[in-house]
Amino acid sequence: MSNQNPIRESRVSRTAAMALMFLLAIYFLLPIYFLIVAATKPQGDLASTFGLAFSHFDLFQNLSTLFGRSDGIYGRWALNSVIYAVLGAAVGTLISALCGYALAKFRFRGREFLFSVILGGVLVPTTALALPLFLLFSATGIVNTYLAVFLPSIVSPFGVYLARIFTSAAVPDELIEAARLDGAGEFRTFFSVAFKLLTPSLVTIFLFQFVGIWNNFFLPMVMLQEESLFPITLGLYGWNGQTARVSLLQESVITGSLVSIVPVIILFILLQRFWRSGLAAGSLK
Amino acid sequence: MADIATRGTRVVAESGDRRRLSDGGPRAGIVLAFLTPFFLPFVLFYLVPIAYAIWQSFLVVRRTGGQYGTSYTTFGGFEQYAEVFQNGEFWASIGRIALFGIVQVPVMLVVALIMALLLDTPLLKLKSFFRVAAFMPYAVPGVIAAIMWSFLYSPQLSPVVDLLKGLGLEPDFLGPGAVLWSAANVSTWLWTGYNMLIMFSALQAIPGELYEAAKLDGASNWAIAWRIKVPIIAPSIILTTVFSIIGTLQLYAEPAVLRQISSNISSTYTPNMLAYAVASGNNYQQAAAISVVIAVITFVLSFGFMRLTSKRAGL
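Residues numbered from 1 in each chain as written. Chains lettered and ligands numbered in written order. Predicted model: local features only at pLDDT ≥ 70, side-chain atom pairs only at ≥ 80, totals over all residues. Heavy atoms only, no water.

A. Up close: the overall build of chain B. Scanning chain B for helices and strands turns up 14 helices and two strands. In terms of overall size, chain B is more extended than a compact globule, its C-alpha atoms giving a radius of gyration of 25 Å where 315 residues would be expected to give roughly 20 Å. Taking the principal axes of the C-alpha coordinates as reference, chain B spans close to 85 × 75 × 35 Å. For chain B, the proportion of its 315 residues judged to be buried stands at 55%. Considering only contacts in chain B between residues 6 or more positions apart, those separated by 24 or more positions represent 64%. Total accessible area on chain B stands at roughly 14100 Å², and carbon and sulfur atoms take up 64% of it. Distance between charge centres in chain B, computed from 20 positive and 15 negative side chains, equals 5 Å. (Helix = DSSP H or I, 4+ residues; strand = E, 2+ residues; numbered from the N terminus. Rg over C-alpha atoms; globule rule 2.2 N^0.38 Å. Buried < 20%, exposed > 50% of the residue type's maximum accessible area, 1.4 Å probe, protein only. Contact = heavy atoms within 4.5 Å. Areas by Shrake-Rupley, 256 points an atom, 1.4 Å probe, with all protein chains shown as cover. Lys, Arg positive; Asp, Glu negative; His and termini not counted. Charge placed at Lys NZ, Arg CZ, Asp CG, Glu CD.)

Take a look at the structure:
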C-alpha cells in the first residue's frame, strides 16, 4: 500500500530477500511434503527408500488399512474430533458473542471488572486447569465421557475479548436504538440486527476456537481412558507409542496424520480473510 | 497484558460507545441472561478448578501409625510447596524450560519479525504464497507436528539425516544434548507463522503517510523498518512474546511425543510432564502445588515482561 511508489532497491537485496523467504518456505512445507510422500509408500519402503522421493504409489491401500484397523477406530476418532471441535466451537462462539455483546453495548455496574477477569483468563495456562478439573469431574462422575472434554472446551476468554471488540466496531448504537423503538426485545435485537452485522466476526471467533479444540491434547489425555471417545490427536499419540513393538503401525500413523491435517489446511486456505481480521484484532492489544 | 489490552480496547470501545444507549440500557435480568451462558461455564471450568487446585495444594495425606495405618487428609500449610522447591526434578525441569525459552522464543520472534517486515516491503514477489506457507503449520496439532518431525529426526527414516550423511555429517537429533533443540524446532515450526501474521497485521494497519516523509528524506528501507515500523508495532511484539512465554511454560505434547522415540527425555522433562507424572502416582496434592507454582511463574513472567517493556517503550 504505502510502498507503491517504487524505491530503487539494489538487485542484491531483492534476491537476498527472495532467497531467505524461499528457504523459510521450504522449512515450513518440508514436513508436510514428507508426510504426503510417506503416506503413499508401502511400509517396507519407508526405511529403504529416500524419504523425499515417491516410490510405489500405495496411498489407497494405506487408507484402507488405516480405516480398517481395530474395527475402524480411526474413523471414530475423526468423528469425535469433529464433534468436539465443531459443536464446542459453535456453542463457544454463541456464548462468547452474547457475553461480548453485553460487555460492549450494555451499561451496568461491574462491567469493567468482569472484563478484566476475562482478560486475566486469557493468561491462565489451560493445562494447569486440566488436573484439578479431572478431580472435580471424577467426583461428579463425568470423567471418561464426551462431556468431560466438551464442557471445558466451550469456554474461550479470548473469544469474548474478540466479540467485544468486534461488536464495538461493527454494531452502531443507532441500530440498537431503532430496534428498541420498534419494540424489539434485547434478544430479538441481538439475533435479528446484531447477528447479521457480526457474522464475519463470528466466523473468526469460531475458527480460532475450532483450531484450539481440534489441536487440544492434554485435556482429552487427562480425561479419557476409553479409546472410542478419543480425538484423533490422542488416538495417533497412542498408536505412535506402539510402533516400537508393532512396526506395521508406522504407516498408519503417517497416513492418519496426513488425513487429519488435510481438511483443516483446506479450511485455512479457503477462509484466510477471517484469520487476518482476528489476528489484526489481536494485534490491537 | 491486561494493561495494554484494556488500553487498546478502551480506545475501540469508546469510539463505538460514544452515544449512550437510552434510559441506562436494559434491565438487570436481561443483562444477566446475556452474561450467564458464558460466565456459568467460565466459573465452573476456569475459576472453580483454580480455587480447588489452590485449596488442594495446602493439604497433605498422613497415615496413622506405621505402614498398616489408615490414611487421612489434613491441612498441611506450605508443606507441599516446600516439597516442590526441594525437588531436584522440579528444578531440572524448570532449568530445561528456561533454557528452551531463552533461546527458542527470541529466535522464533526474530524470524517472524523479519518475515513480517519483508512482506511489508516491495522487495518480494509471491507474497501470499509465503504468507500461507508460514501460516500452514498453525493448522497442524502439536502432537501431529511432533510426530511428523520425529520421522524427520529418526535415523532410520529421515531424508534429512540421509542428506546430512551425504555431506559427511553424523547428526543425532535425539541425542542427550540435541533433543531439547529438536523439541524447540517443533515449537518454532508450529508458531512462527502465527506470530508473523500478528505482526504483519499490525504493520498493515500503519498509515502510509507516517513514513512518506522519511522516504522523501532518503531514509533506507532498513532505517524505516527499525526506526519507524518496529517501534509502532511494539505492542504486537510484546503480545506475541507473552503468548510465547505462556506456551513455553505449558510445554507437554512435543516432548511427550519425542519421548516415544528417544530415551533422552524423562517422564519429568518439563514442569507440566512432572505435574502429570506426580498426579498419575495419585499424589494429587503435590501435583496441585506444582500446577499452582507453574501458573504463578507464568503470571509473574508475563506481567513482569509487560511492565518492563511498556515502561521502556514508553507505551
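B. How the structure looks around the UniProt feature "domain: ABC transmembrane type-1" (unreviewed entry) in chain B. As recorded in UniProt, the feature "domain: ABC transmembrane type-1" (unreviewed entry) lies at residues 94–305 of chain B. The span residues 94–305 of chain B shows a helical share of 74% and a strand share of 0%, and its end C-alpha atoms are spaced 18 Å apart. (UniProt positions renumbered as here; feature names shortened; annotations may be inferred.)

C. Quick peek at the side chain of Thr268(B). Mapped onto the fold, Thr268(B) is located in the loop between helix H12 (253–259) and helix H13 (271–280). What Thr268(B) contacts, discounting residues up to four positions off in sequence, is Glu89(B), Ser93(B), Arg96(B), Met273(B), Leu274(B) and Ala277(B).

D. Broad picture of the interface of chain B and chain A. The interface is formed by 113 residues belonging to chain B together with 111 residues belonging to chain A. Counting the surface lost from both chain B and chain A, the interface buries some 10600 Å², and carbon and sulfur atoms represent 75% of this. Counting the contacts that link chain B with chain A gives zero salt bridges. In this assembly, chain B and chain A are joined by eight residue pairs in polar contact (both at pLDDT 80 or more). The biggest single contributor to the side of chain B that touches chain A is helix H2 (residues 28–56) of chain B, with 18 residues. (Buried area = accessible area lost by both parts, 1.4 Å probe. Salt bridge = Lys/Arg side-chain N within 4 Å of Asp/Glu carboxyl O. Polar contact = N/O pair within 3.5 Å; in protein donor to acceptor, adjacent residues only side chain to side chain.)

E. The UniProt feature "transmembrane region" (unreviewed entry) in chain A, seen in detail. Residues and elements named next belong to chain A. With numbering matched to this structure, UniProt assigns "transmembrane region" (unreviewed entry) to residues 12–36, 82–104, 113–137, 143–163, 190–214 and 253–271. Helix makes up 100% of residues 190–214 and strand 0%, whereas the separation of the span's terminal C-alpha atoms amounts to 29 Å. End C-alpha atoms of residues 253–271 are separated by 28 Å, and the span's content is 95% helix alongside 0% strand.

F. Highlighting the pattern of salt bridges. All names here are of chain A. A complete count under the given rule lists six salt bridges over all chains for this structure. Its salt-bridge partner being Lys105, residue Asp173 comes within 2.7 Å of it at the nearest N-O pair. Residue Asp173 is found in helix H9 (residues 173–181), and its partner Lys105 is found in helix H4 (residues 73–105); the two are separated by 68 residues along the sequence. Residue Arg111 pairs with Glu112 through a salt bridge whose shortest N-O separation is 3.8 Å. With relative accessibility at 12%, the residue Arg111 sits in the buried group. For Glu112, a relative accessible area of 35% translates into the label partly exposed. Shared partners join several salt bridges into a network, and the residues in it are Arg111, Glu112 and Arg164.

G. Summary view of the UniProt feature "transmembrane region" (unreviewed entry) in chain B. UniProt feature "transmembrane region" (unreviewed entry): in the numbering of this structure it lies at residues 28–55, 97–120, 132–153, 173–191, 232–253 and 287–306 of chain B. Strand forms 0% of residues 97–120 of chain B and helix 96%; the C-alpha atoms that close the span are 33 Å apart.

H. A look at the domain arrangement of chain A. Residues and elements named next belong to chain A. As far as domains go, chain A holds domain 1 (11–64) and domain 2 (71–284). Taking only C-alpha atoms, the centre of domain 1 and the centre of domain 2 are 31 Å apart. Each partner contributes to the interface: domain 1 provides 11 residues, whereas domain 2 provides 11 residues. Of the roughly 930 Å² buried where domain 1 meets domain 2, counting both sides, 75% is carbon and sulfur surface. The interface formed by domain 1 and domain 2 contains zero salt bridges. (Domains from an automatic or database assignment.)

I. How the structure looks around the UniProt feature "domain: ABC transmembrane type-1" (unreviewed entry) in chain A. Mapped onto this numbering, the UniProt entry annotates "domain: ABC transmembrane type-1" (unreviewed entry) at residues 78–271 of chain A. Measuring from the first to the last C-alpha atom of residues 78–271 of chain A gives 21 Å, for a span that is 80% helix and 0% strand.

J. Main features of the confidence of the model for chain A. On average, residues of chain A carry a pLDDT of 89, and 94% of them reach 70 or more. Low pLDDT (under 50) marks residues 1–7 of chain A, which in the prediction has 16 contacts with non-local residues, meaning those over four places away or in another chain. (pLDDT = per-residue confidence, 0-100.)

K. View of the nonpolar core. In terms of nonpolar packing, the biggest core is built from 187 residues, with Met223(A), Trp239(A), Phe38(B), Trp189(B) and Met196(B) touching the most fellow members. No other element matches the 15 residues that helix H8 (residues 179–204) of chain B contributes to this core. The residues that make up this core include at least three from each of domain 1 (11–64) and domain 2 (71–284) of chain A. When neighbours within four sequence positions are excluded, Trp189(B) is seen to be in contact with Tyr27(A), Phe28(A), Pro31(A), Ile32(A), Pro137(B), Val140(B), Ala145(B), Met148(B) and Trp149(B). Leu123(A), Ile238(B), Ile246(B) and Met306(B) belong to the second largest nonpolar core, which has five residues in total. (Core = buried A, V, L, I, M, F, W, Y, C linked by side-chain atoms within 4.5 Å.)

L. Examining unusual backbone geometry more closely. All names here are of chain A. Phi angles above zero are rare outside glycine, and Ser70 is one such case at about 45°. Residue placement: Ser70 occurs in the loop between helix H3 (59–68) and H4. Residue classification places Ser70 among the partly exposed residues on the basis of a relative accessible area of 49%. Despite not being glycine, Asn144 shows a phi value in the positive range, around 65°. Mapped onto the elements of the fold, Asn144 is located in the loop between helix H6 (126–140) and helix H7 (146–153).

M. Examining the packing of H4(A) against helix H8 (residues 157–170) of chain A more closely. All names here are of chain A. Where H4 contacts H8, the two axes come as close as 7 Å, and the packing angle between them is 50°. Considering their axes alone, H4 and H8 lie oblique with respect to each other. Of the two elements, H4 crosses H8, and the hand of that crossing is right-handed. Here Ser96, Ala97, Cys99, Gly100, Tyr101, Leu103, Ala104 and Lys105 of H4 come into contact with H8, specifically with Gly159, Val160, Ala163, Arg164, Thr167 and Ser168. Split by residue class, the contact of H4 with H8 holds seven nonpolar, five polar and two charged. (Axes fitted to C-alpha atoms, helices over the stretch in contact; angles between N-to-C directions. Parallel < 35°, antiparallel > 145°, perpendicular 65-115°, else oblique. Left-handed = near helix turned anticlockwise from the far one by under 90°. Nonpolar A, V, L, I, M, F, W, Y, C, P; charged D, E, K, R; others polar.)

N. Quick peek at helix H6 (residues 142–153) of chain B. Residues and elements named next belong to chain B. Look at H6: 16 Å from first C-alpha to last across 12 residues, which is about the 16 Å you get at 1.5 Å a residue. The buried fraction of H6 amounts to 12 of the 12 residues, a majority that puts the element mostly inside the structure. Within the sequence span of H6, burial applies to Gly142, Val143, Ile144, Ala145, Ala146, Ile147, Met148, Trp149, Ser150, Phe151, Leu152 and Tyr153. (Expected span 1.5 Å × (residues − 1).)

O. Spotlight on the side chain of Ser150(B). Relative to the assigned elements, Ser150(B) resides in helix H6. If sequence neighbours within four positions are ignored, Ser150(B) has contacts with Leu258(B) and Ile261(B).

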